[in-house]
Amino acid sequence: MASSVILVTGGTGLVGSAIKHVIETEPEGSRFGKRPGETWIFASSSEGDLRDPVAARKLFDKYKPTHVIHLAALVGGLFRNMKYKLTFLRDNLLINDNVLHTSYLTQTQKVISCLSTCVFPDKVSYPLDEDKIHLGLPHESNFGYAHSKRLVDVMNHAYKEEFGCNFTSAIPTNIFGPNDNFDLEDSHVIPGLIHKCYLAKKNGTPFVVSGTGKPLRQFIYSYDLAKMFIWMLREYDDVEPIILSVGEDEEVSIKQVADAIVKAMGFKGEYTFDTTRADGQYRKPASNAKLLKLMGGFEFTPFDTALNDTVKWFVESYDKART
Ligand code: NDP
């Protein structure tokens, strides 16, 4: 890549901070390290509320990005998604419209936006793959967020057809890592359980996991995901989305997650499952065949190593973590 300015919106969140970490720690000039001529900008909402078109334009005029990795979004766990469907729909529609349209107006060469596997239909055959996004309605519990993300794919195609823009999107499965949101009420499963176990150890109380522990999920470490975004930035130029995930054979049960957290935390107290609480869907595997075919293989961080590092980060950063 010649001289380029890469603007990462949502650059201070879980995924954005992981991209920053990889760019700053991988050897310069290496596959995932910083390349000569690249300037990376990691923007937070304090640099401009992207729901506002004027603020979006100001951010673009300030940095003049040639490339955008668009991560900024209103993100939440199931509880907030269920309660604030219109807010999730509207805030994310506004953010996405402003980022894509400003990118078009300022002739940004490429935009990669971040979707989520919740864009997929509720009733669909498994494994999920990139051709199934629009085959039916998303799950009712988070339809606001899901539709706002689905429309990014629609917009990418429309911008390409009408204006020839190089806009595309990535679909990660469940992400975890340092700088996640560890809020007890409103986090995703891994950060929520890490925080619960931390408090159980600190207070000498039982560590209670909601549900049976049987559901299976694919979890991707934020530092691995960061490398995939960097690869997409440099090598992927197609409007069609790509699922960024570990393989279907790498599903992990919630019990395995909880066991690994107990071990990493050194928790020795009472540890139980509250089977009166709902489990959610048993599994919803997604295929990473397209990713591996195009990327030519990828060495994923083993789940236990990634989880250990995340727990260590949380314990050491408790005062500054989002709790
Ligand atoms: P985080 O909640 O960790 O970070 C969100 C980022 O977006 C922050 O940098 C935040 O800035 C910024 N942001 C939020 N609202 C605005 C706004 N109105 N204007 C400008 N910036 C804003 O999110 P993640 O890193 O977890 O998520 C990144 C992307 O990945 C999102 O698009 C999300 O939908 C997607 N995703 C996440 C998954 C997960 O498991 N976490 C799974 C699948 C997809 P600030 O902190 O300064 O407010």
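Remember, it's a predicted structure, so these values are computed and weren't measured experimentally.

A. Just the side chain of Arg 217, in detail. Its place among the elements puts Arg 217 in strand β8 (residues 216-217). At 6.6 Å, Glu 251 is the nearest oppositely charged side chain to Arg 217, a buried residue that forms no salt bridge. In terms of polar contacts, Arg 217 uses its side chain to reach the backbone carbonyl oxygen of Gln 281, at 2.8 Å. A polar side-chain atom of Arg 217 sits 3.4 Å from the main-chain carbonyl oxygen of Tyr 282. Those residues in contact with Arg 217 that lie beyond four places of it in its chain are Asn 174, Glu 250, Glu 251, Val 252, Ile 254, Gly 280, Gln 281, Tyr 282, Arg 283 and Lys 284.

B. Local environment of the pattern of salt bridges. Applying the stated criterion across every chain, the model contains 14 salt bridges. Where Glu 47 meets Lys 62, a salt bridge forms, and the shortest distance between an N and an O atom there is 3.2 Å. Here Lys 62 lies in helix α2 (residues 53-63) and Glu 47 lies in the loop between β2 (38-42) and α2, a separation of 15 residues in the sequence. With relative accessibility at 30%, the residue Glu 47 sits in the partly exposed group. Among the salt bridges present, the one from Arg 80 reaches Asp 186, with a minimum N-O distance of 2.7 Å. A residue pair is termed long-range when its members are at least 10 positions apart, and Arg 80 in helix α3 (residues 78-83) and Asp 186 in the loop between β6 (174-176) and α6 (189-203) qualify at 106 residues. In the salt-bridge network here, residues are joined through shared partners; they are Asp 49, Arg 51 and Asp 91.

Thresholds applied
Residues numbered from 1 in each chain as written. Predicted model: local features only at pLDDT ≥ 70, side-chain atom pairs only at ≥ 80, totals over all residues. Heavy atoms only, no water. Helix = DSSP H or I, 4+ residues; strand = E, 2+ residues; numbered from the N terminus. Buried < 20%, exposed > 50% of the residue type's maximum accessible area, 1.4 Å probe, protein only. Lys, Arg positive; Asp, Glu negative; His and termini not counted. Salt bridge = Lys/Arg side-chain N within 4 Å of Asp/Glu carboxyl O. Polar contact = N/O pair within 3.5 Å; in protein donor to acceptor, adjacent residues only side chain to side chain. Contact = heavy atoms within 4.5 Å.

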